Amino acid sequence: DAGVIQSPRHEVTEMGQEVTLRCKPISGHNSLFWYRQTMMRGLELLIYFNNNVPIDDSGMPEDRFSAKMPNASFSTLKIQPSEPRDSAVYFCASSLGQGPLNEQFFGPGTRLTVL
Amino acid sequence: DQQVKQNSPSLSVQEGRISILNCDYTNSMFDYFLWYKKYPAEGPTFLISISSIKDKNEDGRFTVFLNKSAKHLSLHIVPSQPGDSAVYFCALPAGNQFYFGTGTSLTVIP
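So, how was this worked out
- Residues numbered from 1 in each chain as written.
- Chains lettered and ligands numbered in written order.
- Predicted model: local features only at pLDDT ≥ 70, side-chain atom pairs only at ≥ 80, totals over all residues.
- Heavy atoms only, no water.
- Buried < 20%, exposed > 50% of the residue type's maximum accessible area, 1.4 Å probe, protein only.
- Helix = DSSP H or I, 4+ residues; strand = E, 2+ residues; numbered from the N terminus.
- Pairing = 2+ DSSP bridges.
- Disulfide = S-S within 2.5 Å.
- Lys, Arg positive; Asp, Glu negative; His and termini not counted.
- Salt bridge = Lys/Arg side-chain N within 4 Å of Asp/Glu carboxyl O.
- Polar contact = N/O pair within 3.5 Å; in protein donor to acceptor, adjacent residues only side chain to side chain.
- Contact = heavy atoms within 4.5 Å.

A. Just the pairing of strand S5 (residues 42–50) of chain A, in detail. Residues and elements named next belong to chain A. Burial analysis of S5 places 9 of its 9 residues in the buried class, the great majority of the element. Bridge count for strand S4 (residues 31–38) against S5 is 8 bridges, and the pairing is antiparallel. When the bridges of S5 are listed, Phe-33 appears paired with Tyr-48. Count of turn residues in the S4/S5 antiparallel hairpin: 3 residues. Here S5 pairs with strand S6 (residues 53–56) via 3 bridges, running antiparallel. Of the residues in S6, the one forming a bridge with Tyr-48 is Asp-56. Joining the antiparallel neighbours S5 and S6 is a turn of 2 residues, in which Asn-51 adopts a positive phi near 50 degrees.

B. Fine view of the sheet that holds strand S1 (residues 4–5) of chain B. In space, the 5 strands of this open sheet follow the order S1-S3-S8-S7-S6 (chain B), with antiparallel pairing throughout. Pairing within the sheet leaves two strands with one partner each, and these edge strands are S1 and strand S6 (56–59) of chain B.

C. A look at the state of the cysteines. For the structure shown, the criterion picks out 2 disulfides over all chains. One disulfide bridge connects A:Cys23 with A:Cys92, the sulfur atoms lying 1.9 Å from each other. Looking along the S-S bond of the A:Cys23-A:Cys92 disulfide, the torsion reads about -65 degrees, which is the left-handed sense. Here A:Cys23 is found in strand S3 (residues 19–24), whereas its partner A:Cys92 is found in strand S9 (residues 88–95), with 69 residues between them in sequence. For A:Cys92, a relative accessible area of 0% corresponds to the buried category. For B:Cys23, the disulfide goes to B:Cys90, at an S-S distance of 2.0 Å. The disulfide joining B:Cys23 to B:Cys90 has a torsion of about 70 degrees about its S-S bond and is therefore right-handed. Taken together, the residues B:Cys23 in strand S3 (residues 19–25) and B:Cys90 in strand S9 (residues 86–94) connect sequence positions 67 residues apart. Judged by its relative accessible area of 0%, B:Cys23 is buried. Judged by its relative accessible area of 0%, B:Cys90 is buried.

D. Structural detail: the side chain of B:Lys38. Counting through the fold element by element, B:Lys38 comes out in strand S4 (residues 32–38). The side chain of B:Lys38 sits in the buried core without any salt bridge; B:Glu42 is the nearest counter-charge, 7.8 Å away. Of the polar contacts made by the side chain of B:Lys38, one reaches the backbone oxygen of B:Glu42; its length is 3.1 Å. With near-sequence residues (within four places) excluded, B:Lys38 lies in contact with A:Gln37, A:Phe91, B:Gly43, B:Pro44, B:Ala86, B:Val87 and B:Phe89.

E. Just the pattern of salt bridges, in detail. For the structure on display, the rule yields 10 salt bridges over all chains. A:Arg64 is the partner of A:Asp86 in a salt bridge, and the nearest nitrogen-oxygen pair spans 2.7 Å. Of the two residues, A:Asp86 is situated in the loop between strand S8 (74–79) and S9 and A:Arg64 in the loop between S6 and strand S7 (65–71); the sequence distance between them amounts to 22 residues. For A:Arg64, a relative accessible area of 10% translates into the label buried. Put simply, B:Asp84 and B:Arg61 hold a salt bridge, and the shortest N to O gap is 2.7 Å. In this pair, B:Asp84 sits in the loop between strand S8 (72–77) and S9 while B:Arg61 sits in the loop between S6 and strand S7 (62–67), placing the two residues 23 residues apart along the sequence. Overall, the relative accessible area of 2% leaves B:Asp84 in the buried class. Salt bridges here are not isolated pairs; linked through shared partners, they connect A:Glu62, A:Arg64, A:Glu83, A:Arg85 and A:Asp86.

The analysis is restricted to geometry; functional conclusions fall outside its scope.
In structure tokens, the structure reads:
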């Protein structure tokens, strides 16, 4: 039984390049979350989807960040243009039900390094 | 401004002893509290939770205590085992938001 799948696991890119992170939630889960983890700020919720619809994107740091969920089994987080301060581990999580109250299952994360 | 704080970034405990991890929050709107555990190169996994109507919830070796007046919760692990070595996050949902603490890295020494 596959858990949340994220790709790539590691990404190294140069400042100014576009970065796309991908997530496949657990089948049947209807909520999906994108988080960013940094040493300074810990884990921060960036955006939350329910039934493929963005519910809360107040955590998205700025317009360079965008997220989509075209269907129930796939989501992307895009950074364009990327900056060195975007370097972090990005986690995707999914849950059954609506809202962050339900247990979330996390993927292994994508470690992004922007040079 | 951090809504949730874990003031101890690290903790070392001897195997068999009790581990106590602490978490403080600033806003009384939180009414549900969770602990997640994270191993290196993996995502966090849910460990235990507590609702604000309770002050204690126990699950095997893990017990979470909630002191609403002090806006403080703690996770007790007893007896601690080497496999418990991980980073522990408290997590507090509020509306559509989910606030994590910065984590405490627990090392259980055999």
